[in-house]
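Spelled out, the chains give:
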Amino acid sequence: IRRTLSKARSRDAITGEETGTSGHSQRRWIIDPIDGTKNFVRGVPVWATLIALAVDDEVVMSVVSAPQLGRGWWGAKGQGAHTGKSLMKSTRCQVSDVRRLEDASMSYSSLHGWEERDRLEDFLALMRRCWRTRAYSDFWSYMLVAEGAVDIAVEPGLELYDMAALVIIVREAG
């Protein structure tokens, strides 16, 4: 991904999980080549490549590709969010209309991160208020929010490359 971007967009900066940041520009590509690394290593097909473009530190477009699931999502500022196998065979993403925690389906990562940050009791209190909880984890939680299948996705701590591509898709889905 870096090699392709360095040829196609040589003036743009690139930030990624594995190799940090290179270049200085108002335009910055933010990459996580394998979000869900532990799943990938164990053969669990729930992992994705995340690519976002930020202009002046605002993410303006992104793509999430989950090849083992045969799924993709993309979004652009002011253009909505979509999912599908291609542009021609895509559907618009729309978050759910659930507004109360008591009616909400919540997805989370693991309990360990909450415990490490001494926030486990707060997290468990939130879980108890929700109608349903499941640990879909990583990018998948947020794409389920964008599609309206899950109402809340929570994690105790994330890096820019973990979230940049996901945020605009969820935001553009409503």
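These lines cover the structure that appears in this document, whether it is placed above or below. Because the structure is predicted, anything quoted here is derived from the model rather than measured.

Moving on: the sheet that holds strand 3 (residues 27-35). Taken together, 8 strands build an open sheet; the order of strands is 2-1-3-4-5-6-7-8 and the sheet is mixed. Where the open sheet ends on each side, the last strands, each with one partner, are strand 2 (20-22) and strand 8 (90-92). Put simply, the sheet's adjacent strands are angled 15° from each other on average, direction ignored. Relative to strand 8, strand 7 (residues 80-84) runs antiparallel, the two sharing 3 bridges. When the sheet's bridge partners are listed, G84 is paired in strand 8 with S90. Across the sheet, helix 5 (residues 138-147) lies against strand 3, strand 4 (48-55), strand 5 (58-66), strand 6 (71-76) and strand 7, angled at about 65° from strand 6, the strand it touches most. Where helix 6 (residues 160-172) meets the sheet, it contacts strand 1 (13-16), strand 3, strand 4, strand 5, strand 6, strand 7 and strand 8, and its direction lies at approximately 100° from that of strand 5.

This part covers the sheet that holds strand 10 (residues 132-134). Read across the sheet, 3 strands follow the order 10-9-11 without closing on themselves; strand pairing throughout is parallel. Of all the strands in the sheet, just strand 10 and strand 11 (152-154) have a single pairing partner and so form its edges. Direction aside, neighbouring strands of the sheet carry axes that sit 20° apart on average. With 3 bridges connecting them, strand 9 (residues 105-108) and strand 10 associate as parallel partners. By the bridge assignment, S107 is partnered in strand 10 with R134.

Parameters at a glance
Throughout, a residue's number is its position along its own chain's written sequence, starting from 1. Local features are withheld for residues below a pLDDT of 70 in this predicted model, meaning they are given only at 70 or higher, and side-chain atom pairs are given and counted only at 80 or more; totals for whole chains, interfaces and linings count all residues. In computing side-chain values, all of the structure's heavy atoms are included and hydrogens and water are not. Note: two strands are recorded as paired if DSSP finds a minimum of 2 bridges between them. Secondary structure elements follow DSSP: runs of H or I no shorter than four residues count as helices, runs of E no shorter than two count as strands, and numbering proceeds from the N terminus. Inter-axis angles, ranging from 0 to 180 degrees, are taken between N-to-C directions of lines fitted to C-alpha atoms, where helices are fitted over the stretch in contact. We call two residues in contact whenever any of their non-hydrogen atoms come within 4.5 Å of each other.

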